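Summary of the model geometry
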Amino acid sequence: MTVQLSGVAVPLLLAGTAVVVLLLDAFLPARAKPAVLWVGVVALGAAFAGTLPALRSGAQAFCRTTGPPACAYDLAPYGAMLHLVMIAGAAVVLLLSVRAVGEQHLPPGEYVFLLLCSVTGALVLAAAGELATLVVGLETVSLPVFGLVALRRGGGLGSEAALKFFLVSVASTALLLFGASWVYAARGSLWLVDLAKDVGVRPELQPVLVVGVVLAVVGFGFKVAAVPFHAWVPDTYAGAPLPVTAYLAVVSKVAGFAGLLVLVGRGLVPYAHSWAPALGVIAALTMTVGNVVALRQRDAVRLLAWSSIGQAGYVIAPFVRGGRPIAGVDPLAAPVSYLVAYAAMTMTAFAVVVAMTREHGSTSIADYHGLLWRQPLAGAALVFALVALAGLPPGLVGLFAKVAAFRAVVYGGAGWLATVMAVNVVVALYYYVSWAVLVVQRPEVEPARRPVTTLPPPVGAAILVSVAAAVLLSALPQLLFAARDLFPVAAP
Amino acid sequence: MSALTGLLLLLPAAGAVVGCLAPRTAAVRVGLLAALLTVLDAAVMLAVFGYGASGVPQLELDWPWVPSIGLRFHLGVDGISLPLVVLTTVLVALCIVALRRYVPDPGHERALVVLVLVLEIGMLGTFLALDVIVFFVSFETVLLPMYAVVAIWGGPGRRAAANKFLLYTQLGSVVMLVGLLAAASYAGSFSIQQIVDHSGHGMSHTVQVLVFLAIAGGLAVKVPMWPLHSWLPDAHTEAPTVGSVLLAGVLLKMGTYGIVRIALPAAPEGAHALAPFLGAYAVVGIVYAALACLAQRDLKRLIAFSSVGHMGFVLLGIATLTPVGVNAALFGNIAHGVITGLLFFLAGAVKERYGTTDFAVLGPGMRAKIPHLAGFLAVASIASLGLPGFAGFWAELLALLGAWRPADGLPRTAYLVYLAVAGVGSVLTAAYFLAMLHRVAHGEVAARWRAVALPGVSAVELATWLPLVAAMVLAGVWPRTLLGLTEAAVQRLLGGG
């Protein structure tokens, strides 16, 4: 095995920064401790810049020297796109955390350490070239977040949320590990490159293989909160510190999907018959349950939690036709486009919710009445994010992501799923627009007790960065589809 | 020359941006300037359009947009879209002229003008699009501005009406998207021309039926076809005048235009299989709307229901799948846009003066009280009921003529029944318009209005209404102006038939 440390420079940088932050935290005086948040932001900025070259060529490390070439860390260009999304998402989360860490008395050093560890795991997960790396990556994403969810001291909600999340994380890694071992038993290799070769297995091992594939996919089902593996989401989202919720909804979810893409798009392509139909059904269930329950939510965080479940359905839907290109369209390119759009839109909405929760202390939707007139930046950003999530102009980022998802499903010939998606788009439209209308409505009387307030600079920056990404992707939707150029056509 | 096409979208966009930044008092003037420049642009297009080749797209603009999925920003006009483009620019300009005189509650004229200009971008984009995704994006662009126009400047039930409009038409749009993508997957391109030329090759009969059902069915919500029409009366009744005018005058046409432009040629066999059903729904709509109109006690609601009936004639024309019928449909599109646009302007003028459009409160005796307004109302009503000499006449007559001899292979007996039923519908149409005039315009002035001074018709109002009257007379006396334009393009869409 050859080691090429240059290939893993970015994850190493983040892991190294995590350790440095922990050390800094031990030696800095209490007053200066919050500075470590900025150390994290700078490191993530460097990581973002460092990932850009990988968009063209990818990155490899830990390659085997025997057999057909394969690397344990094998970042494809489309994976680099997801790396950028996760790194930027984590940076925005840190910006949002500056205030929360101070107000909720969270230990800054541990906070940044755990977050950077989790991001490192997310990067590894999206670049995994074999099943063991995949399992380790998934574990590394999840376990630090368990700590982050629980960091809020004294709150019963936080502990409950953390426990739920812990159990789900453990279950999901255990299922993946179990599934990977069955696949290994049937195929005798952990390398995704080997698994992607469609060589026959002995008939008596066929059921072993199918069980392995299903278990591994279900493991990711928990991670990406697909129905029926979603029950942990609302309580965990509501109980965690809000920036951590944003992290769960954006970075952690994108990481889960990145892992799923690597697993089924790169490794389990020949066994699409055992995962594709199941994922189609899961997609239909996920979007329907997510959107219908979201209709009834009166709390911003819970609404976004259920909406993120609904949105996940559109990401999973293209998986219904397996991993091979149909009519020149790679069905697994659409999820990458959708994830990029989803991250920009959802992060914007969460950033505004973080900003507003500080103002009111509650997360009720009713508090958003007339927000546009009190907080023009936050209000406009939220309206834009909601319109984009609904998939209407001017939020072209959401519209094009939906077109991509519909296109993959329709080209794949899954008309039934396209119909379910169509109905869901309308259901979701209702709650997104209702919220947006509330934000735009001018308050009947100008309440003196709610003057135009200024946003704390880091929160304002977080909102600005995420809404700028959403606007940029709306103006230049081709950036969303760059993923298609980057997507390697799956081996025939 | 193709810059003209780009300017059609750019001018309203520039107007909207400048309108946003301009001081509040100047916003309407800025919007009017932008709208008039757009009309001028459309007029120049009329002048330079190659009438000898009206069947093929001209003044094309074709830029790569998202190269990696083969999406192009592709616009152009042909004989079918050109009249609709002109109609749109003129109606938008007239709406903004009307806003100079009267802004519905709660004011905010700057926001209203900007929304109308954004609406114009979406409407023109829909008619100009030569790529299904551009078509879809434009189609969606009108949704939120119209929602806002109804929800902010509408009547007492505006929120519910606006929500209904939004959810119904969005469901239609997404179903249409599924159909468009399916058609594109078989044609191997998003280009509308390539989808037309491909004309459903390689699709099985079932797929053709499903594709036509998805595209035409999705669009039928916007038309609206009975029984998918129920959002329309509410939206029209609650919408402010400019909203109603653009909704009836242009937005509904986007539906029938899309059916003719994309649904028919994309899946000809599917169209053939479903055309008799389309015809049946169309004539049921005609009679249903006429009966509903007879029962209406409100002017705006009556005009709204009459739209369902008129669009029924348009759909009947399409359902014949013959050049005569489809030409009638495209003619009917323009005729209805002009006539109903005028009717909604008049209803707005009535509402402004009387504060209501309820017959029981209004009438009788408007002719004695405000003679000019009553005169316009009578002319518009007579045009709408299809009297010879006005545009509406040809639209109905040609649709009926098409039904007399539908395309080969369609069940002729069924179409003869449709013809008879539609004929009954058009008699009923005459009945309800005359009944409305009788209740509102004729007779002694009602006691409650006798002592009230009501303003007469102003010069701005005349300037808004007269162009529409001129257009409906012109198209009525000289229908060749319009039919000659659409004919060649229709031949091409119907596969040379």
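Note that the coordinates shown come from a computational prediction; the quantities given were computed from them, not determined experimentally. (Residues numbered from 1 in each chain as written. Chains lettered and ligands numbered in written order. Predicted model: local features only at pLDDT ≥ 70, side-chain atom pairs only at ≥ 80, totals over all residues.)

**Some thoughts on the overall build of chain B**
A count of helical and extended segments in chain B gives 22 helices and 2 strands. Computed over its C-alpha atoms, the radius of gyration of chain B comes to 21 Å, within 12% of the 23 Å expected for a compact globule of 497 residues. A principal-axis box enclosing the C-alpha atoms of chain B has dimensions of 70 × 55 × 40 Å. Burial analysis of chain B (497 residues in total) assigns 63% to the buried set. For chain B, contacts bridging at least 24 residues in sequence account for 79% of all contacts bridging at least 6. (Helix = DSSP H or I, 4+ residues; strand = E, 2+ residues; numbered from the N terminus. Rg over C-alpha atoms; globule rule 2.2 N^0.38 Å. Buried ≥ 20, exposed ≤ 12 C-beta atoms within 10 Å, placed from the backbone. Contact = placed C-beta atoms within 7 Å.)

**Thoughts on the overall build of chain A**
From N to C terminus, chain A includes 20 helices and 2 strands. For chain A, the C-alpha radius of gyration of 22 Å lies close to 23 Å, the compact-globule estimate for 492 residues. C-alpha atoms of chain A, sized along the principal axes, occupy 75 × 55 × 40 Å. The buried share of chain A, reckoned over its 492 residues, is 62%. Sequence separation of 24 or more characterises 79% of the internal contacts of chain A that already satisfy a separation of 6 or more.

**Regarding the interface of chain B and chain A**
At the junction of the two partners, chain B supplies 23 residues and chain A supplies 24 residues. Broken down by secondary-structure element, the contributors of at least two residues to the side of chain B that touches chain A are strand E1 (58-66), helix H5 (132-141), helix H6 (143-153) and helix H7 (158-187) of chain B. Of all the elements, H7(B) adds the most residues to the side of chain B that touches chain A, at 11 residues. Residues of the side of chain B that touches chain A, tallied by class, amount to 18 nonpolar, 4 polar and 1 charged. (Nonpolar A, V, L, I, M, F, W, Y, C, P; charged D, E, K, R; others polar.)

**Some points on the packing of helix H4 (residues 77-103) of chain A against helix H19 (residues 457-475) of chain A**
Residues and elements named next belong to chain A. Interhelical geometry of H4 versus H19 gives an angle of 155° and a closest axis separation of 8 Å. In this view, H4 runs roughly antiparallel relative to H19, as classed from their interaxial angle. When you trace H4 past H19, the crossing you get is left-handed. Counting all contacts with H4, which are made through Val92, Leu95, Leu96, Val98 and Arg99, the residues of H19 involved are Pro458, Val459, Ala461, Ala462, Val465 and Ser466. (Axes fitted to C-alpha atoms, helices over the stretch in contact; angles between N-to-C directions. Parallel < 35°, antiparallel > 145°, perpendicular 65-115°, else oblique. Left-handed = near helix turned anticlockwise from the far one by under 90°.)

**Regarding the environment of A:Arg99**
Residues and elements named next belong to chain A. With respect to the element layout, Arg99 can be found in helix H4. Owing to 21 C-beta atoms within 10 Å, Arg99 belongs among the buried residues under this scheme. Through-space distance from the C-alpha of Arg99 to that of Pro456 is 8.1 Å; in sequence the pair is 357 residues apart.

**As for the confidence of the model for chain B**
All names here are of chain B. Here chain B averages 90 in pLDDT, and 100% of its residues register 70 or above. Ranking the helices and strands of chain B by mean pLDDT puts H5 first, with 94, and helix H20 (residues 447-450) last, with 80. Under the prediction, the complex receives an ipTM of 0.90, its pTM being 0.92. (pLDDT = per-residue confidence, 0-100.)

**Section: the packing of helix H9 (residues 206-223) of chain A against helix H11 (residues 242-267) of chain A**
Residues and elements named next belong to chain A. Running from N to C, H9 and H11 cross one another at 165°; their axes reach a closest spacing of 9 Å. In terms of axis orientation, H9 runs roughly antiparallel to H11. Of the two elements, H9 crosses H11, and the hand of that crossing is left-handed. In contact with Ala216, Val217, Phe220 and Lys223 of H9, H11 contributes Gly256, Gly259, Leu260, Leu263 and Val264. A class-by-class count of the residues in the contact of H9 with H11 yields 6 nonpolar, 2 polar and 1 charged.

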